[in-house]
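Chain by chain, the residues:
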Amino acid sequence: MTDKINGLHHVTMLASRASANNAFYTQALGLRRVKTTVNFDAPDVYHLYFGDELGRPGSVMTSFPFPNAARGRRGTGEASLTAFAVPVGSLGAWEDRLAPLGPTTRETFLGEERLLVEGPDGESLALVEAPGDARLPWTGNGVAEDIAVRGFHSVTLTLREARSTAELLELMGYEEAGREGGVTRMRLAAGNGAQVVDLHEDPAARPAVQSAGSVHHVAFSVADRATQAEVRRELAQAGFQATPSIDRDYFWAIYFRSPGGVLFEVATDEPGFTRDESAETLGTSLKLPRQHAHLRDQLVRHLEPIEGVA
Ligand code: ZN
């Protein structure tokens, strides 16, 4: 399936308060909320999407905020760190910007400068200085172009045993690109800019407990449904049973469990977030999946108000 996977598509996390989640990703990190909708399976829960101007694949953090959720616990079988790419030389400005919100840690890892930060639900995030990232940033939330987030840099998967997940990623077109401190870096030679997955092997760690602040699943990008069908066939040949393709309104998705326990998704770049809103107004009104449209009045009364949603 070499050349079919373009990199990350989106990362979906669990959260608690929607307003705090929204404020952090839009105001602190400066991402654009590109869609305000609800969970397909639990329409009384928001599904929020944050990314670049259009929510291009490789830039989109999404969240399911369950208002009273307890915090999750980091461990094996999950994506334990989500990293965003920022320009070289910008981390000092980011330290100043984020310090009032909580502790940050600056370090060099695999030759890159990065700043570790925690989101409002204790989610583990990093900003990584990535040279030569040509992706255009969203600057509409007041973060200047010379420091603004370009999209994802990587996710780190924490695993009891990394080899079998490395083999899956090799099948998906990734190649080993370095090692440091129990982490094996896997990278796609070409793609959408979000081309790195780090595998952190930690045989002694406890299994993760997924709740607020945990990554629920990691989605990889393919161009279209035909490519997705080919990927699904090749996964089946390798022993991975993915779900049938599911219409998620803004992309088509298949899901399967990776060997280390992390839920993987393969999502299409089509049709994208302008399917039901103009590029100018993305994210500013509550969009409901067709099967939940009749619940609108009830949901509007129930869901926590979010800044910038009419
Ligand atoms: Zn997803």
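Computed from a predicted structure; not experimentally measured.

*Asks:* Looking at this model, I keep getting lost on unusual backbone geometry. Mind explaining?
*Replies:* A negative phi holds for most residues other than glycine; trans holds for most peptide bonds. Note the cis peptide between glutamate 270 and proline 271, where omega equals -5 degrees. Tracing the backbone through its elements, the reader meets proline 271 in strand S16 (residues 263-271). The phi torsion at leucine 110 lies on the positive side, around 50 degrees, for a residue other than glycine. Here aspartate 249, not a glycine, exhibits a phi torsion of approximately 70 degrees, which is positive. One can find aspartate 249 in the loop between strand S14 (246-247) and strand S15 (251-257). For aspartate 249, a relative accessible area of 13% puts it in the buried group.

*Asks:* Help me understand helix H1 (residues 18-28) in this model?
*Replies:* Among the 11 residues in H1, eight count as buried, and that is most of the element. By the burial criterion, the buried members of H1 are Ala18, Ser19, Asn21, Asn22, Phe24, Tyr25, Thr26 and Ala28. Phi turns positive, to about 80 degrees, at glycine 30, one or two residues after H1.

*Asks:* How should I be thinking about the nonpolar core in this particular structure?
*Replies:* General note: in soluble globular proteins, nonpolar side chains tend to be found buried as a group. Ile5, Tyr25, Phe84, Trp94, Leu127, Leu157 and Phe220 are the most contacted members of the largest nonpolar core, which totals 65 residues. Judged by nonpolar contacts, the second largest core, of 11 residues, contains Tyr49, Val60, Phe251 and Ala253.

*Asks:* Quick question: what am I supposed to make of the pairing of strand S8 (residues 124-129) here?
*Replies:* Residues in a regular strand point their side chains to alternate faces of the sheet. Of all six residues in S8, five are buried, a share of seventy percent or more. Looking at chain direction, strand S5 (residues 78-86) and S8 are connected through five bridges and run parallel. Across the sheet, the residue bridging to valine 86 is glutamate 129, located in S8. Relative to S8, strand S7 (residues 112-118) is paired through five bridges, and the arrangement is antiparallel. The residue of S8 that forms the bridge with leucine 116 is alanine 126. Taken together, S7 and the strand that follows it, S8, pair antiparallel across an intervening segment of five residues, in which glycine 122 is found at a positive phi of about 80 degrees.

*Asks:* Looking at this structure, I do not really get the packing of aromatic side chains. What am I missing?
*Replies:* Between two aromatic rings, the relevant description is the distance of the centres plus the angle of the planes. Applying the stated rule across the entire model yields 11 aromatic pairs. By way of ring pairs, the aromatic residues Tyr174, Phe220, Phe240, Phe256 and Phe264 are connected into one cluster. Here arginine 114 stacks its cationic end above the ring of phenylalanine 109, 4.1 Å away from the centre of that ring. One cation-aromatic arrangement involves arginine 248 over phenylalanine 40; the distance from NZ or CZ to the ring centre is 4.9 Å.

Conventions used here
- Residues numbered from 1 in each chain as written.
- Predicted model: local features only at pLDDT ≥ 70, side-chain atom pairs only at ≥ 80, totals over all residues.
- Heavy atoms only, no water.
- Helix = DSSP H or I, 4+ residues; strand = E, 2+ residues; numbered from the N terminus.
- Buried < 20%, exposed > 50% of the residue type's maximum accessible area, 1.4 Å probe, protein only.
- Core = buried A, V, L, I, M, F, W, Y, C linked by side-chain atoms within 4.5 Å.
- Pairing = 2+ DSSP bridges.
- Phe/Tyr/Trp six-rings, centres within 6.5 Å; stacked < 30°, edge-to-face > 60°.
- Lys NZ or Arg CZ within 6 Å of the ring centre and 35° of its normal.

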